[in-house]
Structure formats: structure tokens, C-alpha cells
Amino acid sequence: MSQHRLQSLRERVRSFPDFPEPGVLFRDISPLLKDPVAFRTLIDLLEDHVRASFPKVDFIVGLDSRGFLIGPPLAQRLGIGFVPVRKKGKLPGATQSISYSLEYGKAELEIQNDAVEPGQKVVIVDDLLATGGTMCAAYELLKRLKAEILECLVIIELKALKGSEKLNSVPFYSLLQYD
């Protein structure tokens, strides 16, 4: 993976101290999304990683809401489907739901019961891993549906919050890491 390409992405991540509350340093990918060359580079790097790591993937699973920004273009590049994991109350039909703790509150996620079939291979994507609560919750939902979770994949990992440690033996990959 080209360090030059990674650096071009890192240069398009902004930091906002004390957002959404005091003590939180928010990493904003909006400039990366606004720049078509940087966004294409992001999807290129994610695609290269997934193709090199997994010969067969059935679905990209994206987490509400910023996982929806990178999941569909990645799935399209890979020629596979996209499955959303949403905040509670946003999906029609029968769903599975799970409550979890965020770095600054509590939340609930859900997935439709028929989103994946048992044994289907999925990669879970989101923009950022902080404390790991959202990713762990999504992982648990997909395990309930008996999906085979190949990897949890993010653009940014906040290493100091040790979210990847909560994933235990789940394969995890991040493009950019911050302390």
C-alpha cells in the first residue's frame, strides 16, 4: 500500500476538539468525501485490501451512518451487495436489535432478519473505530444471523481508545491510525 496515497488521505481528515462534547477529538472525513480524487483513492485502497485478503465476499455491511458513504461504492467495485445496519426504528420488517455503549452515550442498532443467510461471508465497514462499541454490536448482530464475518474494516482507528482490543479474535483492519 502506497504511503503517498495514505498520506493524501490523512491530509484530508480534519480534527475538531470538544465535539460532540468536551474532551472528544472528532476526526472529520468530510474533506476527504468532498475531494473526488481522494475519495476514489480511499475506495481504491479499500478495494485492493479486500481483494488481496479475501477470495470470496458475499456482502459489504455498512454501519449507520458513515459506513453508508463508503460501503456501497466499495460493494459496487467488488461486484457484490451492500447490507445496512441501521439505528433502531429505521428498518421495515422483522429485525434483530442490540443495545450498546458509545464513547459518549448509549445507542441501539438493528438489521433485517433476512439481510444475510447463514454462512454468507461479510466484511463490516465504518468510517472510524473508537471504543469499539458500534463495531462490536454490529458483529454480534451478524453472528445472530450466522454470517461469517471475515473482517471489520475502517478508515480511521483511534488507537488510544483500544477499540480493536474489544473485537478479540475478529480480524480488523484500519487504513489510518491516530493515537
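Placed above this text is the structure.
Overview of the structure. Quantities reported herein were computed from a predicted structural model and do not represent experimental measurements.

Quick notes on the packing of aromatic side chains
Argument step 1. Under the defined criterion, the tally for this structure stands at 2 aromatic pairs.
Argument step 2. Where F19 meets F26, the ring centres are 5.3 Å apart and the plane angle is 90°; that geometry is what we call edge-to-face.
Argument step 3. F19 gets classed as partly exposed once you look at its relative accessible area, which sits at 45%.
Argument step 4. Measuring from centroid to centroid gives 6.0 Å for F68 and F82, while their planes differ by 90°, and the two rings are edge-to-face. Within this pair, whereas F68 is found in helix α4 (residues 67–78), its partner F82 is found in strand β4 (residues 81–87), the two being separated by 14 residues in sequence.
Argument step 5. On the basis of relative accessible area, F68 is assigned to the partly exposed category, the value being 22%.
Argument step 6. With relative accessibility at 26%, the residue F82 sits in the partly exposed group.

Conventions we followed
- Residues numbered from 1 in each chain as written.
- Predicted model: local features only at pLDDT ≥ 70, side-chain atom pairs only at ≥ 80, totals over all residues.
- Heavy atoms only, no water.
- Phe/Tyr/Trp six-rings, centres within 6.5 Å; stacked < 30°, edge-to-face > 60°.
- Buried < 20%, exposed > 50% of the residue type's maximum accessible area, 1.4 Å probe, protein only.
- Helix = DSSP H or I, 4+ residues; strand = E, 2+ residues; numbered from the N terminus.

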